[in-house]
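Observations on the three-dimensional arrangement
Residue-level listing of the chains:
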Amino acid sequence: MWQAEVRVDLDAIRENVSRLRSGTGAELMAVVKADGYGHGMVPAARAALDGGADWLGVCTLDEALGLRAAGITVPVLAWLLAPGLPLHEGVAAGVDLGVASLSQLDEMIEASRRAGRPARLHLKIDTGLSRGGATVADWPALLDAAAKAQADGVVEVVGVWSHFVYADMPGHPTTDRQLAVFHEGLAMVERAGLRPRYRHLANSAATLTRPDTHFDLVRPGIAVYGLSPVAGETYGLRPAMTARARVMLTKRVAAGSGVSYGHTYTTERDANLAVVPLGYADGVPRHASNSGPVQLGGRRRTISGRVCMDQFVLDCGDDPVAAGDVVTLFGSGADGEPTADDWAEAVGTINYEIVTRFGGSRVPRVYDGERP
Ligand SMILES: *Cc1c(COP(=O)(O)O)cnc(C)c1O
């Protein structure tokens, strides 16, 4: 018997990757950072590889080493690296590393010496996001230093890359401007005498809507998990995550009863209340108070009152509800249940945040479609 669970359909991940892979002539890096967007990094990675992914992408060195520790040997890129990390462990494990500054490059050179083999580097240019990446002004110096380190046999420049601002709004002019800056950056790469095998720029949105940005490798994340980066479109993807719980307790209360902390909800009539054992410690946003949608007894309902740390309440009116009944917060939508998109809409965020919140919580994750 389970009380609450996050179910992850690995077949959905396989199919989504296979669909994305067949839509491009480029190689595909499945992004499995942040515990696979809450789906479980290693099971998601294995399913993505089954579906045809060629690479895996993560943020931290620890995530990359976690993939290697699980016995995964495909190319892995890690790109969020603060100073002072044991990068030589990554180099020794054959992890590709993102580089955006001269000081990072110096650290990678040192790490290569310590590991006794050349670090595999992906030089990142900031084409307009103003987040990671070297500015266009700093780009030539980074390229020259990297070219020199490569000529010395200390590092290997495997890739050149950047990241989009606005690809989730197809037709936004920023995307074209960034693409133009990327092309300029690539011309400078050539002038510096570098011929990296991989040029990459496309996230899920660009993978789905802008084939002219695919270059040699695409880096979809959210689409791998079956969610669309573009509002109102599904692209035939199938959401992999379902979050559900069983009603813990039911009771009949009188009209005018205040419900949950702060009494932000009051019953209009005599009502059956259902207490659901999931709260913000489990990933349910507290912002879903009086707004989060669920399915119970074949009907859509809305959370009544505050979401607490561990539980929330549903006003079920006169509907018969019983302890043990299943409450689905979100799933693929195939059985009429809300989706992560419905939750995002209800609480003013994006589907990415909804699924990621359920990673690493105390709710057990259960996998469908596991392969030996
Ligand atoms: C997270 C991330 C991605 C994947 O983005 P999605 O929008 O989830 O497809 C790709 N590249 C980088 C650099 C990222 O940080």
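Values in this document were obtained by computation on a predicted structure and should not be read as measured data.

1. Describing the packing of aromatic side chains
- The full count for this structure, using the stated rule, is six aromatic pairs.
- Ring pairs connect the aromatic residues Tyr37, Tyr225 and Tyr352, which therefore count as one cluster.
- A cation sits over an aromatic face here: lysine 124 above tryptophan 161, 4.3 Å from the ring centre.
- If you follow arginine 197 out to its NZ or CZ, it ends over the ring of tyrosine 198, 4.4 Å from the centre.

2. Notes on the sheet that holds strand S1 (residues 4-9)
- Ordered by their spatial adjacency, nine strands build an open sheet running S11-S14-S17-S16-S15-S18-S10-S1-S19, and the pairing between neighbours is mixed. In this open sheet, the two strands that pair with only one neighbour each are strand S11 (249-253) and strand S19 (365-368). Direction aside, the axes of adjacent strands within the sheet are offset by 35° on average.
- Pairing geometry for strand S10 (residues 241-246) and strand S18 (residues 326-330), over four bridges, is antiparallel. Along S18, the bridge assignment pairs alanine 245 with valine 327.

3. Here we look at the pattern of salt bridges
- All chains considered together, the criterion is met by 24 salt bridges.
- One salt bridge in this structure joins glutamate 268 and arginine 269, with 4.0 Å as the shortest N-O distance.
- Here arginine 269 falls in the exposed class, since its relative accessible area comes to 60%.
- Of the charged contacts, one joins aspartate 319 and arginine 299 as a salt bridge, the two residues approaching to 3.0 Å between their closest N and O atoms. Taken as a pair, aspartate 319 in the loop between strand S17 (312-315) and S18 and arginine 299 in strand S16 (residues 299-304) lie far apart in primary sequence, 20 residues in all.
- Note on arginine 299: relative accessible area 46%, which makes it partly exposed.
- Each of Glu5, Arg7, Arg244 and Asp368 takes part in a single network of salt bridges with overlapping partners.

4. Observations regarding the site of the ligand
- Lys33, Tyr37, Ser204, Gly221 and Tyr352 are the nearest of the 13 residues found near the ligand.
- Take isoleucine 222: an N or O atom from its main chain is 2.8 Å from an oxygen atom of the ligand.
- Measuring from an oxygen atom of the ligand, one finds a side-chain N or O atom of tyrosine 352 at 2.6 Å.
- Burial of the ligand by the protein amounts to 94% of the accessible area it has alone, namely 390 Å².
- Broken down by class, the residue content of the shell around the ligand amounts to seven nonpolar, four polar and two charged.

5. A look at the domain arrangement of the protein chain
- The assigned domain composition of the protein chain is domain 1 (10-224) and domain 2 (241-368).
- With 10 residues of domain 1 at the contact, the number on the domain 2 side is 11 residues.
- When the two sides are added together, the surface that domain 1 and domain 2 hide from each other amounts to roughly 860 Å², 62% of it contributed by carbon and sulfur.
- Our count for the contact surface shared by domain 1 and domain 2 stands at one salt bridge.
- Residue arginine 365 pairs with aspartate 35 through a salt bridge whose shortest N-O separation is 3.0 Å.
- Put simply, domain 1 and domain 2 have four residue pairs in polar contact (both at pLDDT 80 or more) between them.
- Elements with a contribution of two residues or more to the side of domain 1 that touches domain 2: helix H1 (10-22) and helix H2 (33-37).
- Per element, the largest residue contribution to the side of domain 1 that touches domain 2 is three residues, and it comes from H2.
- Its residues assigned to classes, the side of domain 1 that touches domain 2 comprises five nonpolar, three polar and two charged.

Conventions we followed
Residues numbered from 1 in each chain as written. Predicted model: local features only at pLDDT ≥ 70, side-chain atom pairs only at ≥ 80, totals over all residues. Heavy atoms only, no water. Phe/Tyr/Trp six-rings, centres within 6.5 Å; stacked < 30°, edge-to-face > 60°. Lys NZ or Arg CZ within 6 Å of the ring centre and 35° of its normal. Pairing = 2+ DSSP bridges. Helix = DSSP H or I, 4+ residues; strand = E, 2+ residues; numbered from the N terminus. Axes fitted to C-alpha atoms, helices over the stretch in contact; angles between N-to-C directions. Salt bridge = Lys/Arg side-chain N within 4 Å of Asp/Glu carboxyl O. Buried < 20%, exposed > 50% of the residue type's maximum accessible area, 1.4 Å probe, protein only. Near = heavy atom within 4 Å. Polar contact = N/O pair within 3.5 Å; in protein donor to acceptor, adjacent residues only side chain to side chain. Areas by Shrake-Rupley, 256 points an atom, 1.4 Å probe, with all protein chains shown as cover. Nonpolar A, V, L, I, M, F, W, Y, C, P; charged D, E, K, R; others polar. Domains from an automatic or database assignment. Contact = heavy atoms within 4.5 Å. Buried area = accessible area lost by both parts, 1.4 Å probe.

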